[in-house]
Structures are given as C-alpha cells and as structure tokens.
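Given next are the chains, with one letter for each unit.
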Amino acid sequence: MKIENGYHKYLQSIQQTTKTQPTKKVTNSNEQTQEKSVQVNISEEAKRLSEAANQGHSARAEEIKQAIANNTYKVSPEDISKGMMQAMRNQRGNE
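Overview of the structure. Since the model is a prediction, treat every value here as computed from it, not as a measurement.

Considerations on the overall build of the protein chain
Argument step 1. Broken down by element type, the protein chain carries 3 helices and 0 strands.
Argument step 2. The linear arrangement of helices and strands in the protein chain, starting from the amino end, is α-α-α.
Argument step 3. Here the protein chain holds 95 residues, and the buried ones make up 1% of them.

Section: unusual backbone geometry
Argument step 1. Residues other than glycine seldom take positive phi values, yet N71 does so here, at roughly 60 degrees.
Argument step 2. As for its position among the elements, N71 is in the loop between helix 2 (44-69) and helix 3 (77-94).
Argument step 3. On the accessibility criterion, N71 (70% relative accessible area) is exposed.

Side note on the pattern of salt bridges
Argument step 1. In the structure shown here, the tally under the stated rule is 3 salt bridges.
Argument step 2. With a closest N to O distance of 3.7 Å, E62 and K65 form a salt bridge. With E62 and K65 both in helix 2 and 3 residues apart, this pair spans about one turn of that helix.
Argument step 3. On the basis of relative accessible area, E62 is assigned to the partly exposed category, the value being 41%.
Argument step 4. Under the relative-accessibility criterion, K65 is labelled exposed at 52%.

Some thoughts on a nonpolar patch on the surface
Argument step 1. On the surface, a nonpolar cluster with roughly 500 Å² of combined accessible area is contributed by I68, Y73, V75, I80 and M84.
Argument step 2. Here I68 lies in helix 2.

Structural notes on helix 2
Argument step 1. Helix length check: helix 2 (26 residues) gives 37 Å between terminal C-alpha atoms against 38 Å at 1.5 Å per residue, within 8%.
Argument step 2. One or two residues past the end of helix 2 sits N71, with phi positive at roughly 60 degrees.

Reading the values: rules and limits
- Residues numbered from 1 in each chain as written.
- Predicted model: local features only at pLDDT ≥ 70, side-chain atom pairs only at ≥ 80, totals over all residues.
- Heavy atoms only, no water.
- Helix = DSSP H or I, 4+ residues; strand = E, 2+ residues; numbered from the N terminus.
- Buried < 20%, exposed > 50% of the residue type's maximum accessible area, 1.4 Å probe, protein only.
- Salt bridge = Lys/Arg side-chain N within 4 Å of Asp/Glu carboxyl O.
- Patch = residues over 30% accessible without salt bridge, like charges linked within 9 Å, V, L, I, M, F, W, Y side chains within 5 Å.
- Areas by Shrake-Rupley, 256 points an atom, 1.4 Å probe, with all protein chains shown as cover.
- Expected span 1.5 Å × (residues − 1).

Below is the structure:
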C-alpha cells in the first residue's frame, strides 16, 4: 500500500504552524501576592453538637461491625429498595 503525499503535506503544515506561532512567556519577576487570612471561631455549643453527632454515628457503625463479625447482620432488600426509590423521588424534586 502506498501512502500519498497528502500525509506528508499535513505533517509539514503542522510543523510550519508550530514554528511560526509565538511562544507566550509568563513572568512574575517582582510581583508578590498577598493573601488575606480568615479566622473562624466555632462556638462551644457547635463543638458539642458535632461531637454528639459523631458519637451517635460511630455507635451505630460499631453495632453494624459487630453484627457483621458475628454473622448476624441481615440485609433487607426491601429497605434498600425503599431507600433507593426515596432517593430518586428526592432527586426529581430537586430538578
């Protein structure tokens, strides 16, 4: 099979355009960017709420871990399908 000169012309045109295009240089010689700092204060009540939420979640996670380790964790296909359907309904409501 013979490759026509069209391919070589294509390569030459690409090489020519890359040679003729100017190169952009970005210089930041003496420019300095100053960033403003932001201070955030979290109230003691918010800290307590966060800890309480994490403790409740971790307690449930520990229960599930123990049930899995003991081979007593039951997966309910009905509950999973109900959750999936509810999530799809919620997505449609947000559109």
